[in-house]
Amino acid sequence: MVAEFTTDLIENRPWLDDQTTGVPGMPGNGRAARKLGRRAVVIGAGIGGLSAAGVLAQHFERVEVLERDRLDTSVASRSGTPQDRHPHGLLAGGLRALDQIFPGFKRDLSAVGAVPVSFAREVQFERPDVGALPKRDFGISVLCATRPLIELVLRRRAEAVANITLRPASRVTGIVPSGGGAGASGVQFVNGSGRSETLYTDLVVDASGRGAPTLTLLDALGWDRPQMTEIGVDISYATAVVEIPRDATAEWKAVLTMPDPPHLALHAVLVPTEDGRWIIAIADHSATSWIETWDAFLEASRSLITPTVYNALRYAEPPEGIRHYRFPVSTWKHFERLPRLPYSVLPVADAFCRFNPIHGQGMSSAAQQACLLQDVLDRTAVDPDPIAVVQAGFMAEVASVLETPWIMSTSADLAFPQTRGQRPDNFAEAREFEAALFHAAVADPVVHRAIIEVAQLLQSHHRLQEPDIMRRIEAASALQAAA
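Quick caveat, the model's predicted, so the values are computed rather than measured. Residue positions within a chain follow its written sequence, with the count starting from 1. It should be noted that, the model being predicted, local features are given only for residues of pLDDT at least 70 and side-chain atom pairs only at 80 or more, the latter also being counted only at that level, while totals for whole chains, interfaces and linings use all residues. Note: side-chain values were computed over all heavy atoms of the structure, leaving out hydrogens and water.

(A) Inspection of the sheet that holds strand β9 (residues 184–190) at higher detail. Whether two strands pair comes down to DSSP finding at least two bridges between them. Where helices and strands are cited, they refer to DSSP runs of H or I of at least four residues and of E of at least two residues respectively, numbered from the N terminus. Reading across from one edge, β8-β9-β10 is the order of the three strands in this open sheet, with antiparallel pairing throughout. Strands with a single pairing partner mark the edges of an open sheet, and in this sheet they are β8 (171–177) and β10 (196–200). Strand-to-strand twist in this sheet, taken as the mean axis angle between neighbours without regard to direction, amounts to 25 degrees. The sheet contact formed by β9 and β10 spans five bridges and is antiparallel. In the strand pairing of β10, V187 is matched with L199. Along the sheet, helix α6 (residues 212–221) contacts β8 and β9; its crossing angle with β8, the most-contacted strand, is approximately 35 degrees. Between N-to-C directions, angles cover 0 to 180 degrees, with each direction set by a line fitted to C-alpha atoms, over the stretch in contact for helices. The contact criterion used throughout is that any non-hydrogen atoms of two residues lie within 4.5 Å.

Dropping the structure here:
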């Protein structure tokens, strides 16, 4: 019944931007921008593709989004995002980015039931070394919802833009090389009727997930593929969805329970969803078997570093089943290091960098990459060859968007000895610094806030090593040593 209600609300409300943005339905700042070309094609209608489409709509006469899945008009999972039936996190930085691209997105997501959660006042964040962090109000909130609902709201916003066209059931078969052999002239795909079509375009944004169209084009041109950094996490997780018990605690809305490497590989995420439920994932590194039953799920929750999740679930009604997902490797394809990209081709989101999804960074990173693209487009619109300048500008700056979530997630993953990948030379010192940072956060709200802002992708990871934070860490360490 809740799903039907939210679907009805989505389908019958006016999907327009805030009145202050100018043209109804127009993303971004609502001002008409100089058009850089007649058509841009986006491969993939996930978070990255839809975000990019919203940005491109301000600069191209037409934006066409090709998506291999059929797209439901209601809240539903799709095969192109096999992990969408597990917990997802739209971090504060990602929520801000989507609201910048589609003003009013935050309002719309809230209107269909997404649950506001304040960091750190309403989050039980647990680490083995310090226990639960204090619950402080930093004025930082997120909206918790299922991935299918987030995508549907974003898709509706994109569909409301007059010059964006979504083409579902369109399987891309390749990027068409240009006549000069140094770029792309179009995208070839098989439509829902099984016929092959070609869309000729001025720009191709590859948000396909694995970047196969761009990689295949590089092969066809005889150019080198990008170098890759891979972190073999071999993580698997089991997910349960339960009704929130009527007597649930009021002390928190969400729980993040960290593992204790190398001794304990289990960790858990519990967040509320739009339909009055909790969605809970218990993750394990290098697990040899699945958690198959509710009893086994409860038993696993008892093995976490605290009993918080177990105590929350032990009186809940058993779910219909346990869902599973396995993620082998985080991958950063270093397109930014290539001497050149095929002209008019731009890989983004998962096509560029795939994060371990248990850390909840993928959607937010994709949205922030789209914001970077927006900034670069706005700066280069008057250049005689804006496409080349946009490519160069995006590639020059994209690492600054990716490095904070990449460093945070891979540092956590590399703490397990079985994780495959090269550890930095100063990895042991970095782990010691992290421990000192969280010990300081317990006593010092300024350090605590800095951690939250970085984790929510509101600040760069460099914030944690600024002089004022370092002084506070040293002071907290001195107090701890004297105690």
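(B) Main features of the pattern of salt bridges. Salt bridge criterion: a side-chain nitrogen from Lys or Arg within 4 Å of a carboxyl oxygen from Asp or Glu. This structure, assessed with the given rule, holds 27 salt bridges. Taking the shortest distance from any N to any O, the salt bridge between E434 and R431 comes out at 3.4 Å. With E434 and R431 both in helix α11 (residues 427–443), this residue pair falls three residues apart, about one helical turn. Each residue gets one of three labels from its accessible area relative to the maximum for its type: buried under 20%, exposed over 50%, partly exposed in between, using a 1.4 Å probe on protein chains only. The partly exposed category is assigned to R431, whose relative accessible area is 27%.

(C) Broad picture of the sheet that holds strand β15 (residues 277–285). The strand order β5-β4-β13-β14-β15-β12-β16-β18 describes an open sheet built from eight strands, whose pairing is mixed. Looking at strand neighbours, the two that pair on one side only are β5 (131–132) and β18 (353–354), the edges of this open sheet. Note that strand β12 (residues 228–243) and strand β16 (residues 323–333) share ten bridges and pair antiparallel. Following the sheet pairing, T239 is matched in β16 by R323. Sheet strands in contact with helix α10 (residues 386–414) are β12, β15, β16 and β18, and its direction is about 125 degrees off that of β16.

(D) Broad picture of the confidence of the model for the protein chain. Counting all residues, the mean pLDDT for the protein chain is 91, and 93% of those residues have values of 70 or more. A residue's pLDDT is simply how confident the predictor is in it, with values from 0 to 100. Scored below 50 in pLDDT, residues 1–24 shows 41 contacts in the model against residues more than four places distant or in partner chains.

(E) Here's a closer look at unusual backbone geometry. Backbone torsion omega between F119 and A120 reads 5 degrees, so that peptide bond is classified as cis. Position of A120 relative to the elements: it lies in strand β3 (residues 115–120). For the bond running from P261 to P262, omega is 0 degrees, close enough to zero to count as cis. The topology assignment puts P262 in the loop between β13 (254–257) and β14 (267–272). With phi around 70 degrees, S344 is a residue other than glycine that occupies positive phi space. Take S344: it is sitting in the loop between β16 and β17 (345–347). By relative accessible area, S344 is classed as buried at 1%.

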